[in-house]
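Okay, here's what each chain looks like letter by letter:
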Amino acid sequence: MRKFLLLLLVVWSEIASAGTIRGVVKDESGKPLAYASVYVKNGTTGTTTGVNGNYQLTLEEGQYTLVAQYVGYTRKETAVTVTAGDIRIDFMLALQQVSLSEVVVRPGGEDPAYEIIRNAIKKRKDHLSELEHFTSEVYTKEQLQLRNFPNSFMGKKVDFEDGDSSKRKILYLSETVAKYSRRPPDKSKLEVLSTRVSGSRNSFGLSLPQIINFYENNIQAAGLNPRGFISPISDNALNYYKYHFEGSFFEDGVEVNRIKVSPKRKFEPLFSGYIMIVENEWRIHSVQLQLLKSSQMELLDTLTIAQLYAPLTKNAWVIRNQVLYPAVKLFGFDAFGSSVTVYSKFDLEPTFAPKYFNNSVVKYYEGSNRKGAEYWDSVRPLPLQAEERIDFYKKDSLEQVRKNPDYLDSIDRIRNKITITGILFTGENFSRQKRRATYSIDPLLTSVNFNTVEGWALNLSGAYTKRLDTTDIRKMVMFRPTIRYGFSGKHVYATGEGVYSFGKKNLSELRLEGGRMVFQYNNDQLISSFANTLSSLFWESNYKKLYEADFVKLGYSREIVNGLRLKLKAEYQDRSPLDNSTTQVWRNLPDKAYTPNYPNNYSAGPIEPHQALSFTAALSWKPGIKYIEFPDRKMNLGSKYPLFSVELDKGINKVFGSDVDYLKWSTGVIDDLNFKLGGLFQYAFSAGGFFNRDAVPFPDQKQFNGNQVVLATNYLKSFQVLPYYKNSTTANFWMEYHAEHHLNGLLTNKIPGFRNLNWYLVAGLNGLWVNGNSHYEEFFLGMENIFKVIRTDLVWAFDQGHYKGTYFRFSIQGILSGSGD
C-alpha cells in the first residue's frame, strides 16, 4: 500500500509541475494550417497541428521559446512561461517572401540553383550521417478515405456494413506511439508502445516512422516502384533534374534558398516540386515534393511528400514532421489519405544494450493495443479532427455490436448469398463468424476439364476452415474433400486433405492427405488442366500423362529458428497404369492423332503396377530474415540474402510391399538482387543426383519441368519450351539454372509514345546439364507489366548446341499459366 501511495504521489507531482499549451496555427487569411510543426526552440519536444490547425503541447514549468513553422511560410517564435494549468498561444504565419534582389542571371547564363544543388550534393554524405545514429519518440496517424466507389465489384454489391450509405467515408484510421532507433550503417528498430485501429481492437496499427531520406541517392518505396526514386540531390541528380532558383529568405539568421525541381524527362522515377536548401551549410531545410503516374508509380496516382527540418544542436538538424498524401483511382474506387509522423525527444548520442539491434525491426509490446481513450487523450501530440473522433467512436461501438451472435448471424445471411459469378468464375465462400469458420466451393471454370484418359472430368472440391485464434489467422484447421469423375473413363476418385497449423511465434504445420486420385507422371503438376484441355481438343496434343494411385501422405513443417525451416514428408502410393478412353476432338487435324497415355518418347511404356513408399527430409535457410514481432507471433519481412535448400528423398524397399529402392539428393539457391535503377535480377540454381538407383520407377526419376503450350510456366522453376519429360534421369549428377533480369522501365521509359504504356523489358536464360554429356539452353526476351498483369516472351531453344526454334509464350499473373492445377 505504501508503494502504491508513493507511486501516486510521484505521478501527481509530475502532473502538478507541468502545463499544457494549446492553440491554433493559421495563415494570414485565417485558414488553418494542417500539419504545421510546433516545437521548443533548441529542445527535443514538439508536436504537429491537426487538420483544423489545432495543437497541444505539455511542458514542465519554466521559460521556453515556442516555434511555429510550416513549409512555404515564415517561421514565428514566441516566448512563453509555463505554469501548472492550460495556456493558449495562437500563431498566424505569413507566406514566405523570397528575395531575388542580389541575383543577376545573364541571358544564356546558368540558373543559380545549379550551383546550390552542386554544393548540396557535395555535402550529401555528411548530412546523411546526421540521421544515422539517434533515438526519437514518434507519433504516427494514418488514414485512408473514399471519395467515391462503385455500387458493385466483380458481380457483388459493395457494402461496408457500417450503416453509412454515403460515398465519402474513412476506410482505415490508426495511431501509434513508438520509440524509433537507428545506428550506422543500416540498423534500425521500432518499439511500439501503444497502437490502435479504429473498429478493430485486436489489430495493430501500421506504424511507418521511417524517414524518407532525401540524402540517400535512391529512395526505395516498396510497392510503388521496384527501381526506387532518384533524390533531387543524389550524386547523379543533375542528369535527371532541371532546377530553378526562386529566391531566398532568412530564418533565425540563416539564409534558406527555395529551389523548384522538375524532371528533365517524363516517365523517369523522379520528383517534382520544391526543395529548400540552407545557404553555406547546404542542408535540407524542408521539402514539398510530389510523385505522379509519369514518375513510374505502380499503384498510386499521386503521392505528395512534405518534410520540415530544424536545428537541434549547432551542427545537427533533425526532422520534425513528415506528411504523406497518397491518392488513387482504381476500378471505380476513388481514395485518398494521409500519413502524419511527428518526431520528438531526439537523442543524438544514445547508447544501446548489446544485441539491441537484432532481426526484430518492429516490436509490439504486450498490451500495446489495449490502451483506453483516456490514455490516448493524454499522450496524443496531434489533435484528432472531428470526423476522426466520430470514426473511432462509431467503429469501436460497431465492433462491440458485431460480437453479438444474432448480429453475426444476420451479417452471414447477407454475405452468404449464392451468385452466378461465384458459381462459374470466382467460387463461393460462406462464413460462420461466431464459430470463426469458413466454407468454400471451387468455381466450375476450374472444376471441369478434359483429358484423353477420363474424357470430360468433373473435379468438385471445397474446403472447411476454422480459425483457432481470434488474432492470429495462421492458427487453424482446414479440411478439403475432393470428388472427381471421368465421364469417359467411368472412374470415381475421392480424396481428403487435412491441415493443422499450430504453435506460437514459430508456427508448425501438420498435413494429412489420402484417397484415390489420378496423378501426372511428374507429380509437380507439370501441365495445367486448362492448358491440356485446349491443347487436346484443338490440336490433338494430349500432353497430360496420368496414372492412378491409392495414396496416403503425411507432412510436417516447422520453422526451427528464424529463417531455418524443416520439412518432413512420408508418402505411400499404390500405382496402376491407365489407358486413353476417348478420341474426342474439336478439330480433326490431318496426320495428327493422340499419343498413348505415357511419356512415349522418354519411357519404355506405361508403368507396371507397383507400390512406392518414400520419405523426404528438407531444410531451407534464408539468413538474416527481418521480422515484425507481435506479442504472440511474428511476421517475416524477407532478407537481403539468398534462400538455400537441401533435400534427401529415400525410396524405401520391402516395407508395406514397396517396390522402390533409391536415394536421391538435391540442393539449391534462389535469390533476388535489386539493382534499383538498374532493375531486378532473379536467379535459381539447383543441383542433385542419385546416390543409389536400384529400383526407380519413371514417376520417381528426376523430372525437369518443361512446357509445350503457349501459356508460360513458372519462370524460375521450369523451362518454357523443353518437351515434357525430356531429360528425365536417374543420373548421379545433374544441374539446372534459371535467371532473368527485369529492367522495370530502364529502357522502355525512354521511347516516346511507347513509354506511356509503362511496359517493361525482361530477358534471361534457362539451362540444364546432365552427367556432363547432355545439355539444353533457352534464351528469352519479353515484355511484362502489360495492363499490370500480362507478360509475353520470345524464347530461343538450343539442344546440345543445336538451334531448335523460336517460340512465343505468355501468361496472366495470378490467373492464367501453363503449369499447376
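Remember, predicted model here, so these are calculated numbers, not experimental data.

Turning our attention to the overall build of the protein chain. Summing up its helical and strand segments, the protein chain has nine helices and 43 strands in all. By the burial criterion, 48% of the 821 residues in the protein chain qualify as buried. Only carbon and sulfur atoms are counted for the fraction: they give 58% of the accessible area of the protein chain, which is about 39600 Å². With 99 positive and 85 negative side-chain charges, the protein chain shows a separation of 1 Å between the mean positions of the two kinds.

Counting residues in each nonpolar core, the largest one holds 65 residues, and the members touching the most others are F214, Y241, Y243, F271 and I284. Top contributing element to this core by residue count: helix 2 (residues 112-122), with six residues. When near neighbours in sequence (up to four residues on either side) are disregarded, Y243 contacts D111, A113, Y114, I117, P232, A237, L238, I259, K260 and V261. With 23 residues, the next largest nonpolar core counts M517, A531, L578 and V709 among its residues.

With that out of the way, let us pick up the pattern of salt bridges. Evaluated as defined, the whole model comprises 37 salt bridges. Put simply, K41 and E77 hold a salt bridge, and the shortest N to O gap is 3.3 Å. A residue pair is termed long-range when its members are at least 10 positions apart, and K41 in the loop between strand 2 (37-40) and strand 3 (46-48) and E77 in strand 6 (residues 76-82) qualify at 36 residues. The salt bridge partner of R147 is D334, with a shortest N-O separation of 3.3 Å. Linking R147 in strand 9 (residues 134-148) with D334 in strand 22 (residues 333-347), this pair joins segments that are 187 residues apart in sequence. Overall, R147 belongs to the partly exposed group, its relative accessible area being 37%. Where salt bridges share partners, they join E175, R196, D377 and R380 into one cluster.

A word on the packing of aromatic side chains. What the rule picks out here adds up to 44 aromatic pairs. On the basis of an interplanar angle of 85 degrees and a centroid distance of 5.6 Å, the ring pair of F704 and W734 is categorised as edge-to-face. In this pair, F704 is assigned in the loop between strand 38 (680-695) and strand 39 (734-742) and W734 in strand 39, connecting sequence segments 30 residues apart. The exposure classification of F704 matches that of W734, with both residues buried. Ring centres 5.8 Å apart and planes at 75 degrees place the aromatic pair F733 and W769 in the edge-to-face group. Of this pair, F733 sits in the loop between strand 38 and strand 39 while W769 sits in strand 40 (residues 760-770), and the two are 36 residues apart along the sequence. Overall, the relative accessible area of 28% leaves F733 in the partly exposed class. Taken together, F519, Y521, Y547, F551, F698 and Y725 form an aromatic cluster joined through their ring pairs. The ring of Y627 has K634 sitting right over it, with the charged end atom 4.8 Å from the ring centre. Sitting above the plane of the W734 ring, K702 keeps its charged end 4.4 Å from the centroid.

Another aspect to go through is the pairing of strand 24 (residues 428-432). For strand 24 and strand 25 (residues 437-441), the ladder comprises five bridges, and the chain directions are antiparallel. Within strand 25, the residue paired with F430 across the bridge is Y439.

Below, the discussion takes up the sheet that holds strand 6. The antiparallel open sheet is built from four strands, whose spatial order is 3-2-5-6. Pairing within the sheet leaves two strands with one partner each, and these edge strands are strand 3 and strand 6. Looking at each pair of strands side by side, their axes are set apart by 20 degrees on average, direction ignored. Pairing of strand 2 with strand 5 (residues 62-69), which is carried by four bridges, proceeds in the antiparallel orientation. Within the sheet, the bridge partner assigned to S37 lies in strand 5 and is Q69.

Three or four residues apart is the spacing at which side chains of an α-helix point the same way, because the helix has 3.6 residues per turn. Buried within helix 9 (residues 529-539) are the following residues: S529, A531, N532, T533, S535, S536 and L537. Against strand 26 (448-451) and strand 27 (455-467) lie the buried residues of helix 9. Looking one or two residues past helix 9, E540 carries a phi angle of roughly 55 degrees, positive in sign.

So, about the confidence of the model for the protein chain. Taken residue by residue, the protein chain gives an average pLDDT of 89. The fraction at 70 or more is 96%. Ignoring residues within four places in sequence, the model shows residues 1-16, a span with pLDDT below 50, making three contacts including any to other chains.

Rules used throughout
Residues numbered from 1 in each chain as written. Predicted model: local features only at pLDDT ≥ 70, side-chain atom pairs only at ≥ 80, totals over all residues. Heavy atoms only, no water. Helix = DSSP H or I, 4+ residues; strand = E, 2+ residues; numbered from the N terminus. Buried < 20%, exposed > 50% of the residue type's maximum accessible area, 1.4 Å probe, protein only. Areas by Shrake-Rupley, 256 points an atom, 1.4 Å probe, with all protein chains shown as cover. Lys, Arg positive; Asp, Glu negative; His and termini not counted. Charge placed at Lys NZ, Arg CZ, Asp CG, Glu CD. Core = buried A, V, L, I, M, F, W, Y, C linked by side-chain atoms within 4.5 Å. Contact = heavy atoms within 4.5 Å. Salt bridge = Lys/Arg side-chain N within 4 Å of Asp/Glu carboxyl O. Phe/Tyr/Trp six-rings, centres within 6.5 Å; stacked < 30°, edge-to-face > 60°. Lys NZ or Arg CZ within 6 Å of the ring centre and 35° of its normal. Pairing = 2+ DSSP bridges. Axes fitted to C-alpha atoms, helices over the stretch in contact; angles between N-to-C directions. pLDDT = per-residue confidence, 0-100.

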